[in-house]
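# Inside the fold
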Amino acid sequence: MIIAEIAQAHDGSLGNAHAYIDALADTGVDAVKFQTHIADAESSIHEPFRIKFSRQDTTRMDYWRRMEFTLPQWKELISHAESKGMELISSPFSNLAVDWLEEIGVRRYKIGSGEVSNLLMLEKICKTGKPIILSSGMSSWEELDRTVEFIQGFGNPLSILQCTTAYPTSPSQWGLNVIPELKERYQIPVGFSDHSGDIFACLAAAALGAEIFEFHVVFDKRMFGPDTPASVTIDQAKQMVSGIDQIRDSIKHPVVKSDTSSFDRLKQIFEKSLAVNKNLKAGEAIVMENLESKKPSGLGIPASDFRKVLGRKLKTDLNQWDFLNWEDLD
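Rules behind the numbers
- Residues numbered from 1 in each chain as written.
- Predicted model: local features only at pLDDT ≥ 70, side-chain atom pairs only at ≥ 80, totals over all residues.
- Heavy atoms only, no water.
- Core = buried A, V, L, I, M, F, W, Y, C linked by side-chain atoms within 4.5 Å.
- Buried < 20%, exposed > 50% of the residue type's maximum accessible area, 1.4 Å probe, protein only.
- Contact = heavy atoms within 4.5 Å.
- Patch = residues over 30% accessible without salt bridge, like charges linked within 9 Å, V, L, I, M, F, W, Y side chains within 5 Å.
- Areas by Shrake-Rupley, 256 points an atom, 1.4 Å probe, with all protein chains shown as cover.
- Salt bridge = Lys/Arg side-chain N within 4 Å of Asp/Glu carboxyl O.
- Helix = DSSP H or I, 4+ residues; strand = E, 2+ residues; numbered from the N terminus.

### A short note on the nonpolar core
- Leu-24, Phe-34, Ile-160, Phe-192, Phe-215 and Val-217 are the most contacted members of the largest nonpolar core, which has 66 residues in total.
- With residues near it in sequence (within four places) discarded, Leu-24 still touches Ala-4, Ile-6, Val-29, Val-32, Met-86, Val-217 and Ile-234.
- Ranked by size, the runner-up nonpolar core spans 11 residues in total, among them Val-276, Leu-280, Ile-286 and Leu-291.

Next up, the structure:
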């Protein structure tokens, strides 16, 4: 599954949110992802800004209020996404948000890194019976173990994403090594949630066997918003999807190096036979300086056998550039 996260890139504009759905429909992603914020249910005036990026929002609470959509608007968004052949996924940040997402009919839940320890909300989500994608960004192994065990106790299909909570992440922060560690530890589908702002991290994760990919998108890297530096553009998203698909296809079709039968004709064309590089008379001994290798193979002794002919004498005259065969030698 390839998920393009719109998150707050819409900047509180319903029109922008719909425009992102239209733009992403042509990229090949499987799902568009939002975040369902209901300010009064999830936050308070005491919540600080992660970074103070907004000139128009005095408090973080003001920002969350500006990011809200109404329940009817969420229904419009999911209908629009599905009409474009994409699933709409959203991360809830309150129990009320879970109620709303249930009402609009989401098929699965994505749990943000900051909600891994929110067992109150997780229990509500688990009771829906729907699949859960869990981001591991800020969590230790101990915290992840507890939450994975908690969710699996309800029997919901579970997958987990390697994620680094930094915006943007540098290559030294990607944590690609954690992908096989998560696979080994939990024996469940593992993916990668990217905040690098470029296409390379997800491509590397694909090569390591990641099965789910999530990345932030913006229309332009010069747009306003806290996640813009950690996002890719729509055009980059299309390129990334193509790359992931090709890497996944490659992994599904391993090359068997012991079987070269498909190269038989090419080997005949490109591999070489021994020849002589000057006129030689019968009775002359073959020395290294008299040999050349020429295409194609099969018209003379294989070039790989040149040591076997050194010192052997010719039975017949050969002209310059004639192929050398075993029957020409004593």
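### A word on a nonpolar patch on the surface
- Together, Phe-263, Leu-266, Ile-269 and Phe-270 give the surface a local cluster of nonpolar side chains, amounting to about 370 Å² of exposed area.
- Considering the arrangement of structural elements, one finds Leu-266 in helix α11 (residues 264–270).

### Observations concerning the pattern of salt bridges
- In total, this model carries 17 salt bridges according to the counting rule given.
- Of the charged contacts in the structure, one is a salt bridge between Arg-108 and Glu-87, with a shortest N-O distance of 2.7 Å. Of this pair, Arg-108 sits in the loop between α5 (95–104) and β4 (109–111) while Glu-87 sits in strand β3 (residues 87–92), and the two are 21 residues apart along the sequence.
- Overall, the relative accessible area of 5% leaves Glu-87 in the buried class.
- For Glu-211, the salt bridge identified is with Lys-183, shortest N-O distance 3.0 Å. With a gap of 28 residues between them, Glu-211 in the loop between α9 (200–207) and β8 (213–218) and Lys-183 in helix α8 (residues 178–186) connect regions that are remote in the sequence.
- On the basis of relative accessibility, which here comes to 30%, the residue Glu-211 falls in the partly exposed class.
- The exposure class assigned to Lys-183 is partly exposed, which follows from its relative accessible area of 26%.
- What you see here is one network of salt bridges that share partners, running through Glu-87, Arg-107 and Arg-108.

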